[in-house]
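Survey of secondary and tertiary structure
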Amino acid sequence: MGDLRVRFAPSPTGYLHIGGARTALFNYLYTKRNGGKFVLRIEDTDVERTIEDSAEKMMESFKWLGLNWDEGPIVGGPASPYQQSQRQDLYSKYAQTLMDKGLAYRCYCTPEELEAEREQARLAKKAPRYSGRCRNLTQEQTREFENEGRKYAIRFVTPDQGNTVVNDLIHGEVSFQNEEIADFIIMKSDGLPTYNFACVIDDWLMGITHVLRADEHLSNTPRQMMIYRALPAPMPKFAHVPMILAPDRSKLSKRHGAQTVEEFRDKGYLPEAIVNYIALLGWTPPDATREIMSLEDMVEVFELSRVSSTAAVYDVQKLTWMNGQYIRQLEPEELVQKLIPFIESAGLATREELAPRKDWLIQAVITMQERARTLEDLAESMEFYFRPPGSYDEKGVKKHFAKPNVAGLLQKCTEVLSRMPDWSLEACEHAYTSLAQSEGIGRGKLIHPTRLALSGKTFGPGLFDIMYVLGRDETISRIGAAIQFINKLL
Ligand code: GLU
């Protein structure tokens, strides 16, 4: 298979969360930067933790983010299959190879016996580790256990002395004492491989040259290195990507809000913004002042040497800010396309209702684009374009409505607006400027109450933009409704 080969190997035990997406992204960037192949492998041997549709959902999320894999499920490839549940024979075969070499053995210990061993260690205030007592069973002992009908797991013989040194591309040299690593299970009594074993067999057979994965796996790496040496198989290079922490530096969890790529998608984040933001969680581009970068831009400059070895802190506000930047860059037509599902789910209009009003929608969106943060947020804040305000902002009412002459001024506004020959932004503005002059008042005295009348809010797009988009009839009718409201107030 040759050349640089990198893989991302998620376990389908949930949806793709931000941390997983970031690890996948670093894999992707590293591969593309170095002209290699990006392999996707689904590690689904932990039957109990596997969630039915999660592999499919994860793959959807990868595609949505633009992280397309060169080999893996769906696309296939020379190392097929790419799903561990379909590679069972290989694990059994190589477990047998190790047993034949005396580098693995059957362990007949029952869960109760193992628990008793752990308990003893706890009492003696020692780290609980397997004693290795099945390592040298006699043929007779083995026969006895078999006759008892005991099930067996297969354990790997770990070296008793020395160190195993991981030469990590991010963390540098990390040394582990071999005596701390007990003979560990490579095949469980149900015949399924453990993660450490399946991972090595697959990385080896798939010709993986670089293993980039989450920090939490660093302590697994010496175990995996021992297996490579025992097979023997060429060792890939390892890099462990630091964790992502919540703003309070605790472990990121549900209570910190949206976690999965799907959730972010449903809240109206753009894939480009997510990819850009998560890349900067732990990676510093060579030009650190340049924050907005496309996937292609990042591929050009990505280096593992610029990935930090310490945890990154996640800040949803920064992500939201970045999302706003990406929304601003969209052509209004494109933004409208992306926005329609959100307008629909905000209950403002259906796709069918919007179809003949595309140009109108584009005009409306243009007035809001600069302030947008997420698509969901944008759609919801456009409500006033679709229906008259159900209520008026309370502070706004006190400040702009509850004054003796406001109803009269608004009445004059409707009169000048209905007399205008053309309905355009400039004409609306001109009408308000002239009216303010002839009344001898500042324009604000007309603009603020009108804005409240039209949108129910005290902030938002420029008033004349709003008027233009709403159209003359709607504008006059909403001002009329506000006049009635004010008359009841006073
Ligand atoms: N299936 C493992 C996980 O999801 C993969 C670890 C690895 O990349 O080796 O954590």
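Residues numbered from 1 in each chain as written. Predicted model: local features only at pLDDT ≥ 70, side-chain atom pairs only at ≥ 80, totals over all residues. Heavy atoms only, no water.

1. Focus: the site of the ligand
Inspection of the region around the ligand gives R7, A9, P10, S11, E43, Y195, C199, R213 and H217 as its neighbouring residues. Within the side chain of S11, one N or O atom sits 2.8 Å away from a nitrogen atom of the ligand. Interatomic distance of 2.9 Å between a side-chain N/O atom of R213 and an oxygen atom of the ligand. When the free accessible area of the ligand is taken as 290 Å², the share hidden by the protein chains comes to 83%. Here the ligand occupies the largest pocket. Partitioned by chemical class, the residues of the shell around the ligand number four nonpolar, two polar and three charged. (Near = heavy atom within 4 Å. Polar contact = N/O pair within 3.5 Å; in protein donor to acceptor, adjacent residues only side chain to side chain. Areas by Shrake-Rupley, 256 points an atom, 1.4 Å probe, with all protein chains shown as cover. 1 Å grid on protein atoms, 1.4 Å probe; cavity = no way out; pocket = protein on both sides within 12 Å on 5 of 7 lines; lining within 4 Å. Sits in = over half its atoms within 2 Å of the grid points. Nonpolar A, V, L, I, M, F, W, Y, C, P; charged D, E, K, R; others polar.)

2. So, helix α4 (residues 111-123)
The end-to-end C-alpha distance of α4, which contains 13 residues, comes to 18 Å, matching closely the 18 Å that a straight helix rising 1.5 Å per residue would cover. Listing the buried residues of α4 in full gives L114, E117 and A121. The arc enclosing the buried residues of α4, seen along the axis, measures out at 55°, which places them on a common side. α4 presents P111, E112, Q120 and L123 as exposed residues on the side facing more than 90 degrees away from its buried surface. In the core, the buried residues of α4 are packed alongside β4 (153-156). Positive phi shows up at K125, right after α4, with a value of about 55°. (Helix = DSSP H or I, 4+ residues; strand = E, 2+ residues; numbered from the N terminus. Expected span 1.5 Å × (residues − 1). Buried < 20%, exposed > 50% of the residue type's maximum accessible area, 1.4 Å probe, protein only. Arc of directions from axis to C-beta. Contact = heavy atoms within 4.5 Å.)

Any link to function would need more than the numbers given here.
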